[in-house]
Amino acid sequence: MTSAETSTDTPHIVICTTGGTITASTTSDGAVIAGDSDPATAAMLDQLRSVLPGEIRVSARAVLDADSSTFGPAEWDLLVDAVSDVLADPDVTGVVVTHGTDTLEETAIALDLHHDDPRPVALTGAQRPADHPEADGPANLLDAVLLAADPVSRDLGVLVVLGRAILQARGVRKWHTTDPVAFARNSPDHPVEGLPPELERPTLTGRARFADVRVDVVACPPGSDATALHACVSAGARGLVLEGSGSGNLPPEVAGAVAQLAEERPDLVVVATSRVPRGEATATYGGHGGGAELATRGVLSAGYLRSGQARVLLAALLSTTDGAGADAAADVRRQWDRYHLYS
Ligand code: ASP
């Protein structure tokens with residue numbers, strides 16, 4: 001039986017656990033510890049099994065056990081491998097990943113860029129620790145498992161399930177530091193012509209190795225200079241995501257440094273994103289540092305992605321492109337528009 005033919009009559013969901021607040025406990029001085037959570041993870045799974053419809057089978061795999069604010073490229077690599085390994089079993093109907101909310105948006109896009117299987121991967125977590133009297137984790141986990149077991153979630157890629165919201169991975173962002181409705185998704189208000197947006201989810205041509213590529217995010221608030229940008233380049237960045245204002249416009253000194261980089265470092269890829277929470281970053285304004293002027297220097301617009309996910313996408317494309325140096329950068333620039341969220 002191929003994965004596309006997997007039976008959904010007796011769904012089998014594999015839960016990959018990684019720590020986070022969903023299995024966190026609170027110390028006597030009030031600190032929330034979102035790792036080293038074996039007992040809480042076991043209790044979470046027991047509680048789930050006690051409320052789950054009998055026909056849904058769950059099994060668990062411990063992948064990580066830490067606060068997701070400690071995760072980075074190496075953990076994204078580990079999770080991409082773990083999910084693909086789970087899905088190698090045709091008996092599996094879907095995957096649920098329990099994850100801290102702090103960096104769930106990076107893991108979500110890292111997984112989605114690799115996920116060309118019709119079976120769902122649902123990421124969930126919690127805003128309140130497992131020992132909170134009104135813990136939100138159990139309901140979120142139940143929702144995620146029920147969704148992953150439901151054929152309706154096939155072909156939608158990686159989904160984020162939290163606070164009764166179900167969101168596709170690309171464009172998703174942590175939206176509130178404490179509210180149970182923790183995530184929102186930045187995406188076009190109206191579907192573009194052609195395919196419905198949920199089907200426009202191109203995946204990578206190869207397996208990215210995030211840990212091998214340095215891509216930095218640089219905040220570029222009004223009046224900022226190029227000190228941070230130069231530090232990242234000196235540290236070996238192959239890509240930069242510059243978080244500007246408005247539709248992705250950069251302050252004059254940063255724009256000057258970008259123009260210089262375009263001359264001196266054609267192997268570097270620069271993406272402009274925005275500090276504005278919603279809407280599209282575009283090459284619109286023509287003045288110095290405006291998106292349109294930056295585009296003439298090869299700077300890419302992040303569209304509906306914001307810094308965190310634009311960084312993961314840029315690292316993924318740099319990692320999977322053939323060639324090296326300026327050729328690799330040129331190839332990534334050619335590919336970018338296909339991936340950054342249908343605009
Ligand atoms: N700091 C926690 C984490 O990301 C927050 C959470 O899980 O909600 O692991």
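Everything quoted here is computed from the prediction, not taken from an experiment.

### A closer look at the pairing of strand β7 (residues 158-162)
The buried fraction of β7 amounts to 5 of the 5 residues, a majority that puts the element mostly inside the structure. In β7, alternate side chains face the same way, and those of Val-158, Val-160 and Leu-162 on one face and Leu-159 and Val-161 on the other are all buried. Bridge count for strand β6 (residues 121-124) against β7 is 3 bridges, and the pairing is parallel. Bridging across to β7, Leu-123 finds its partner in Val-160. Of the crossover connections in this fold, the one passing from β6 over helix α4 (residues 137-149) to the parallel β7 is left-handed. Hairpin connection, β7 to strand β8 (residues 165-168): the antiparallel pair is bridged by 2 residues, and Gly-163 has positive phi, about 60 degrees.

### Some thoughts on the layout of surface pockets
Within this model, the largest pocket holds a volume of roughly 180 Å³. If you go around the largest pocket, the residues you meet are Val-80, Val-83, Ser-84, Leu-87, Leu-111, His-114, His-115, Asp-116 and Asp-117. Listed by contribution, the elements that provide at least two residues to the lining of the largest pocket are α2 (73-87) and α3 (104-114).

### Let's talk about the pattern of salt bridges
According to the stated counting rule, one finds 14 salt bridges in the structure shown. With its nearest N and O atoms 3.3 Å apart, the salt bridge here joins Asp-102 to Lys-174. Placement of Asp-102 in the loop between β5 (94-98) and α3 and of Lys-174 in strand β9 (residues 172-174) is noted, with a sequence separation of 72 residues between them. Lys-174 gets classed as partly exposed once you look at its relative accessible area, which sits at 22%. Across the salt bridge formed by Asp-143 and Arg-164, the nearest N and O atoms sit 2.9 Å from each other. Here Arg-164 lies in the loop between β7 and β8 and Asp-143 lies in helix α4, a separation of 21 residues in the sequence. Residue classification places Arg-164 among the exposed residues on the basis of a relative accessible area of 67%. One salt-bridge network, in which partners are shared between bridges, spans Asp-77, Asp-81, Arg-207 and Arg-209.

Scoring rules and cut-offs
- Residues numbered from 1 in each chain as written.
- Predicted model: local features only at pLDDT ≥ 70, side-chain atom pairs only at ≥ 80, totals over all residues.
- Heavy atoms only, no water.
- Buried < 20%, exposed > 50% of the residue type's maximum accessible area, 1.4 Å probe, protein only.
- Helix = DSSP H or I, 4+ residues; strand = E, 2+ residues; numbered from the N terminus.
- Pairing = 2+ DSSP bridges.
- Right-handed = clockwise from strand over helix to strand, strands pointing away.
- 1 Å grid on protein atoms, 1.4 Å probe; cavity = no way out; pocket = protein on both sides within 12 Å on 5 of 7 lines; lining within 4 Å.
- Points joined across faces, edges and corners; volume = space filled by probe spheres on them.
- Salt bridge = Lys/Arg side-chain N within 4 Å of Asp/Glu carboxyl O.

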